[in-house]
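Coordinate analysis (summary)
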There are 2 protein chains.
Amino acid sequence: MSISERKLKILKAIVDDYITTGTPVGSRTISKREDINLSPATIRNEMADLEEEGYLEQPHTSSGRRPSDKAFRLYVDTFMRVSQLTDEELKFVKGYLNRKYSEMNDIVDVTAEVLSDLTKLTSVVIESKSEEDELKRIQIVKLSDRKAVLVLIFASGSVRDVMIDVPKDINEEYLENLSGWLSRFVENRNLEDALTQIRSGAENDLRLHQRFGEEIINLVLENIRKNAPRKNVALGGARNILNYPEYQDVESAKNFLTLLDKKDALYDILSDSNGLEFQIRIGNENKQEQLKHMSVITASYRINSRSIGTFGLIGPTRMDYGRVLSILQFIGQTINGMFDDGDDKDK
Amino acid sequence: MSISERKLKILKAIVDDYITTGTPVGSRTISKREDINLSPATIRNEMADLEEEGYLEQPHTSSGRRPSDKAFRLYVDTFMRVSQLTDEELKFVKGYLNRKYSEMNDIVDVTAEVLSDLTKLTSVVIESKSEEDELKRIQIVKLSDRKAVLVLIFASGSVRDVMIDVPKDINEEYLENLSGWLSRFVENRNLEDALTQIRSGAENDLRLHQRFGEEIINLVLENIRKNAPRKNVALGGARNILNYPEYQDVESAKNFLTLLDKKDALYDILSDSNGLEFQIRIGNENKQEQLKHMSVITASYRINSRSIGTFGLIGPTRMDYGRVLSILQFIGQTINGMFDDGDDKDK
DNA sequence: TATTAGCACTCGCTGATATCGAGTGCTAAT
DNA sequence: ATTAGCACTCGATATCAGCGAGTGCTAATA
C-alpha cells in the first residue's frame, strides 16, 4: 500500500521541479539532482510505477510527467514546510497594513491587495459577519422628508448602513429616541437575540412607537434582517492568472475571470472552510468547475478566537504551498494585532 | 476643409460596419449597402482620400480600412443618436436595482454589475463624496478597552466608519456625550465647515473634554480628515475585454487588467469628467497609456443637481456609442429615482 | 536481483514553403 | 466623373520535414 522511501524521494523531486518550471519533468532532470544518485533509466521505471498508482500523469507518450492532484495532496501532507518570510517581505506587509488601516472596508481591500502583490496569485478576502458578533448600537438618522439611514454598529467594529423609507411626518427627535430605545435592547447581543429582544420589547413598551404603530418597528426589523448578514468581499490580482503559461489560452482565462465576477461566487469559494484555521483544496477537491485545475488556500482571521473573516489565495495547483501558507499565517497575525486591545502595537 | 456629403456617408457606413464586425472594411462591402450606389472602385478612391485626411487607417497594404480615433470622434459628434432601450432591457435594469438597493456600498456594486451585464463592457462606478455633502451626525461607540469606532453619517446617506484607539480609562458615557456634542456642531455643515466648527467649539466649551484634554478631539479631527474623503469604487465585467478579438493576445489583456487592479487608477479614469453630465473619450483622448486604444464613456449621477457619483464604461473604440449612452442615461435616472423623496417609486 | 547502458520510437514544436483570397492602386474604357 | 479590368500585396492557413526531449524495452552489468 504505502510507497517506498525511494519513490517518495523521486516524487518529491518531481513536484519540486514542476512547481518551479510548470513543464512536465523528465527522468534525466531528476537524475541530475544532487540528492538522487540513480540513472535516468531507473527513475523511468519508478516513474512508470508512480504513474500506475495515480501520482503522475503524462500529457502524451514521450513527454515528461507531471504530478497529479493526488501527488500534490501527498506533497502537502508529507513534505510541506512553512517557510520563513524574508525581512523584506515582513516589512512589505507591515508597511502596507500600518499605512492604511481605517475602515473595515479598507482592511478587506488592503488585505486582498497585499496578498496578491506578495504572492502573484489571485486573492479573495471576506469579512464574514459571524452569527455571534454582538451589536453595540443602532442609530437611525433622518436625511430628508421620507428617507432615513439605519446604521448598525457591531462589537467587532464593523458597520452596516441601509437607507430606509420612513413615514413623512415622523420627526428627528422621534427617530433619535427610537435609536436609543433600540440600542438599549440590542447592546451586547448577537443578531438573533437582538431581534427577538426588540420584538418582545416592542410589545411591552408602547410609549415610543404608538404614533406610528408597528410600522416603523417592522421596517427596522426587516431591514436589519435583510442587511446585517451582508458580506464584505474583496478581490485582488485577478490578472495574475495570466502570468502562468497554463492559462495563456484566452478561453480558460475568461472562464476563471467569469467565476470571480460574481461576489456570491467569491463568497462560496471561501465559505466552506469549516472553521478550520487553514485549509488547502487542490484541483479536484474544489467544488467549482472552474477551479478543478487550481488550488485554493484559505485561512480565517480571528479576534479572541472568534472568526471574523476569511482570506485566501487561488492559483495553479503547482503553487509554492509552503510559502503561501507562511504568508497567510503572517498576515493573519498582523491583522489580529490591529484589532487587539492594541498595547505596544509597534513592537 | 469640410468633407463632402458623399465622403461622410461612406465614412459612416465604414464605421457602422466596423463597429459590428471589428475587422477592416473593404470597398466591396460598402458598395453592397443599399443606401450606397457606387462601385467598389469609386469607393476606393474616396477611401484613399479619407485616409489622407486621417479618418481611416490601413493595417497593411491590401487590407481593408479601419476608422481612426478622429473618425470615431466625428461619428459620435455627427451621427450618434441615443437609441431607445428595449422593454426587456428596461425591465432588466429595474429588476436589478429594485431588488437589491440598500447600502450605498451595494448600490455602487450593483450599478457596476448591471452596467457590465447589459453592455458586455467593463464598468466602473465611484461614489464620490462631494465636498459639499453635509454631515448629519457623528457617533463614537466604544468597542473594547482601547478601541472605539467613529461613524460619520452624511446627508446623502453615505456612511463612513473608522476604528480609533482611545485612552483606556475613557468610558462609554463620555463618548456618548462627546458624540452628541460633536453632532450638534456638524449638523448640516459640509466637512470643511464642520471641522472648523468643532475646532472653535472645542476652545470655547471645555466642559466635555477637559478630562482628556485635546487628545480625543484631535484624534477625532484627524480621523475625520483622513477618512471622510475616501472613495467608494466598484468594478464590473473586467473579463468582458476578452470577448473582443482585438484583445485576444494575452499581453494587452494583462495590461488592461493591471490598470484596473488599482483603485486609485479606477478613480482617475472617472475623475476628470469636469462635472459634465456625459463625457466620451475616444482612444488617444485618454490620458492613460493602457486606454489609448479604448474608449471611456462616463456619466455622473446627481441628487438635486449635485453630483454624488460617476459611472462609466470602458471598451474598445468600436463600441456602440448610441446604445451605451442611452443605457448610462437610463441608469442615471433610475438611481436618481431611488434617492428622490420617493413618492410613487413604483410608477 | 537491482541497476544501467543502449537504442528504436513517439510526438510536440519550429520553421520553411506553397497556396489562397480579400483587398488594393492604377489604367483605360465608358 | 465613374467604373471595369487587372496585376499586385500580404496576411492567413495548410503541409511537411527535421529536431530533440523524452519514453519503453531489452540486454548487459555489478
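All values derive from a computational prediction rather than experimental measurement.

Around DNA strand D sit 19 residues, and of these A:Ser27, A:Arg65, B:Arg6, B:Thr42 and B:Ser62 come closest. Sugar and phosphate atoms form 78% of the subset of DNA strand D atoms that lie within 4 Å of the protein. One of the side-chain nitrogen or oxygen atoms of A:Arg44 is found 3.1 Å away from a base nitrogen of DNA strand D. Residue B:Ser39 places a main-chain N or O atom 3.1 Å away from a phosphate oxygen belonging to DNA strand D. Where the surface near DNA strand D is concerned, the elements lending two or more residues are helix H3 (40-52) of chain A together with helix H3 (40-52) of chain B. The element contributing the most residues to the surface near DNA strand D is H3(B), with four residues.

What surrounds DNA strand C is a group of 19 residues, the closest being A:Arg6, A:Thr42, A:Ser62, B:Ser27 and B:Arg65. Among the atoms of DNA strand C close to the protein, meaning within 4 Å, 74% are from sugar or phosphate groups. A:Thr42 places a side-chain nitrogen or oxygen 2.5 Å from a phosphate oxygen of DNA strand C. Breaking the surface near DNA strand C down by element, the ones donating at least two residues are H3 of chain A together with H3 of chain B. If you tally residues by element for the surface near DNA strand C, the top one is H3(A), at four residues. In terms of residue class, the surface near DNA strand C is made up of three nonpolar, twelve polar and four charged.

With that out of the way, let us pick up the sheet that holds strand S4 (residues 135-142) of chain B. All names here are of chain B. One open sheet accounts for three strands, arranged S4-S5-S6; its pairing is antiparallel. Every interior strand has two partners, whereas the edge strands, S4 and strand S6 (159-165), have only one. Recorded for the sheet is a direction-independent mean angle of 20° between the axes of neighbouring strands. When strand S5 (residues 147-154) meets S6, the two strands line up antiparallel, connected through seven bridges. Across the sheet, the residue bridging to isoleucine 153 is valine 159, located in S6.

Moving on: the pattern of salt bridges. Residues and elements named next belong to chain A. Using the criterion set out here, one finds 34 salt bridges over all chains in the structure. Residue arginine 33 is joined to aspartate 35 by a salt bridge in which the shortest nitrogen-to-oxygen separation is 3.4 Å. Three or more residues joined by partner-sharing salt bridges are found here, namely Arg6, Lys7, Glu46 and Asp49.

With 60 residues of chain A in contact, the opposing surface of chain B contributes 60 residues. Where chain A meets chain B, there are ten salt bridges. One salt bridge connects B:Lys262 with A:Asp117, and the closest N-O pair in it is separated by 3.9 Å. Where chain A meets chain B, there are ten residue pairs in polar contact (both at pLDDT 80 or more). Taken together, the elements giving at least two residues each to the side of chain A that touches chain B come down to helix H6 (104-119), strand S4 (134-142), strand S5 (147-154), strand S6 (159-165), helix H7 (172-186), helix H10 (250-260) and helix H12 (321-339) of chain A.

Here we come to the packing of aromatic side chains. All names here are of chain A. Evaluated as defined, the whole model comprises twelve aromatic pairs over all chains. Joined through ring pairs, the aromatic side chains of Tyr18, Phe72 and Tyr321 make up one cluster. The ring centre of phenylalanine 79 lies 5.9 Å from the NZ or CZ of lysine 12, which sits over that ring.

Residue and element names in this part refer to chain A. As assigned here, chain A comprises domain 1 (5-78), domain 2 (87-128 + 231-346) and domain 3 (131-226). Placing the centre of domain 1 and that of domain 2 at their C-alpha centroids yields a distance of 29 Å. The partner domain 2 presents twelve residues to the nine residues of domain 1 that form the contact. Taking both partners together, domain 1 and domain 2 bury about 870 Å²; carbon and sulfur atoms supply 59% of that area.

Rules and cut-offs
- Residues numbered from 1 in each chain as written.
- Chains lettered and ligands numbered in written order.
- Predicted model: local features only at pLDDT ≥ 70, side-chain atom pairs only at ≥ 80, totals over all residues.
- Heavy atoms only, no water.
- Near = heavy atom within 4 Å.
- Polar contact = N/O pair within 3.5 Å; in protein donor to acceptor, adjacent residues only side chain to side chain.
- Helix = DSSP H or I, 4+ residues; strand = E, 2+ residues; numbered from the N terminus.
- Nonpolar A, V, L, I, M, F, W, Y, C, P; charged D, E, K, R; others polar.
- Pairing = 2+ DSSP bridges.
- Axes fitted to C-alpha atoms, helices over the stretch in contact; angles between N-to-C directions.
- Salt bridge = Lys/Arg side-chain N within 4 Å of Asp/Glu carboxyl O.
- Contact = heavy atoms within 4.5 Å.
- Phe/Tyr/Trp six-rings, centres within 6.5 Å; stacked < 30°, edge-to-face > 60°.
- Lys NZ or Arg CZ within 6 Å of the ring centre and 35° of its normal.
- Domains from an automatic or database assignment.
- Buried area = accessible area lost by both parts, 1.4 Å probe.

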